[in-house]
Amino acid sequence: MNPSAAGWIDKFFHEFSNEDLLVPFEPKGHFYTQLRKTGFVYGNSVAALVNKPISELNLTAAELNKANLLHSLYVIYYKQTQVSNVKKFLEHAISFYREIDRGRMSLLSKLSLGKSVSKNLEKILSARILESDATLKKEQTYAFSNVLLATDLLTYQIYCDSPMLAKNYATSLEKAIATYCFGALQSKTKQDKYDILLLELFEMAGLSTTAAPLEMFFSDTHMTLTAPYLLDLCCMAIKDDLKVEPSEREYILHLAIQLGLEQEEALVALDELELFMEEHENAIHFFNHTHPVQHFYKQTSSTVERLILRNKKRLIKELSESGELLVLLGQSTIRELDAKEKDKVKDQLLDMFKSIPSLTIFLLPGGSLLLPLFIKFIPKLLPSAFNENRIDDDK
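Residues numbered from 1 in each chain as written. Predicted model: local features only at pLDDT ≥ 70, side-chain atom pairs only at ≥ 80, totals over all residues. Heavy atoms only, no water.

Given 3.6 residues per helical turn, the α-helix brings residues three or four places apart onto the same face. Buried within helix α1 (residues 8–15) are the following residues: W8, I9, F12 and F13. Buried residues of α1 fall within an arc of 130 degrees about the axis and therefore sit on the same side. The inward-facing, buried residues of α1 abut α2 (18–21), α4 (61–81), α5 (86–101) and α6 (117–128). (Buried < 20%, exposed > 50% of the residue type's maximum accessible area, 1.4 Å probe, protein only. Helix = DSSP H or I, 4+ residues; strand = E, 2+ residues; numbered from the N terminus. Arc of directions from axis to C-beta. Contact = heavy atoms within 4.5 Å.)

This is the structure we're talking about:
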């Protein structure tokens, strides 16, 4: 099976039975344990969830991510519905992606979907998982996006129970992730320049306040995935300098209690991450550098800056046709926007990105968390547009 070739989903379900795909994950907690061990929750799968060889090829992390995302969605569908019909699952998964794509994102609108349900889902999963692009040096940005792939699973859980809540949940989950990771960075006693820059970006995005109230979406079933995942993300945030300070450890232990977990589970999460890093030191791009946060910030900033420069003419055109957005971006350079204004900027920018193919990076999981970088750079790179705006303001 080759997840990069057409027809791989049909082959996947032909090669493996429900005994291979579903039965191993019946024990409570085992499913998430395996998601962690394969590296999926860390953004880089080093193995498949299936406890059998899935290909004779040497699959890339992106291909393994793709196979694990499909398999995980199927496991969740079965756990939530007790239905193991593959065709119904494929149709349901596509309906899910259509729902979370509606209005806010545009990945599906760019895809040429046909009559084959399995091939349509192949295209959707490929759009959700992008490999690095050396020409734009987007490795760190894609690594960040892949770490948040698991949010698809958490949101799909909600969709299986209450389809109408899924979209709001996805937004709340993204804010909660940023808030908890913000807290993790704040817990560091020694914050360097790049820690502070990231904290400032979180504040620019309005994500430094209390976490969004996710409890309204949770049942005990949902928490078996959501709570440990949020804990793992914060473990990654505090391990950015490859060590855990007492204040960081205290934050993780407190967070475990806040998420309804035992403190022992927090210690296990830290140990599992350290073990994974030792066994697969090159698998998590974020930890391949002496100063990971510095590298992530500089590399991601470089990517966003290059994307703006490459699309400068198109951006000027789009911005000139959106007067309110142009005004708000201009105002952001001289004052702090309020929460409602920030939401307007975010929504209008995401809508604008629909018409610029190379900016779909902002439509991937967690992409909107990179918007503060975009907002930070665009006034410097598009001075003429903002000068015109200031002239209009003076009239």
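Once you've had a look at it, read on.
Atomic detail in the predicted coordinates should be set aside for any region of low pLDDT. Across the protein chain, pLDDT averages 79, with 74% of residues at or above 70. Across residues 131–142 the pLDDT falls below 50, and counting only partners more than four positions away or on other chains, this stretch makes 34 contacts in the model. (pLDDT = per-residue confidence, 0-100.)

For the rest of this paragraph, the subject is the pattern of salt bridges. A complete count under the given rule lists nine salt bridges for this structure. Residue E91 is joined to K87 by a salt bridge in which the shortest nitrogen-to-oxygen separation is 2.5 Å. Here E91 and its partner K87 are both found in helix α5, four residues apart, which amounts to about one turn of the helix. Accessibility expressed as a relative area gives 33% for E91, which makes it partly exposed. For E324, the salt bridge identified is with K344, shortest N-O distance 2.9 Å. Taken as a pair, E324 in helix α16 (residues 323–331) and K344 in helix α17 (residues 339–353) lie far apart in primary sequence, 20 residues in all. When its relative accessible area of 39% is taken as the criterion, E324 is described as partly exposed. Note on K344: relative accessible area 36%, which makes it partly exposed. (Salt bridge = Lys/Arg side-chain N within 4 Å of Asp/Glu carboxyl O.)

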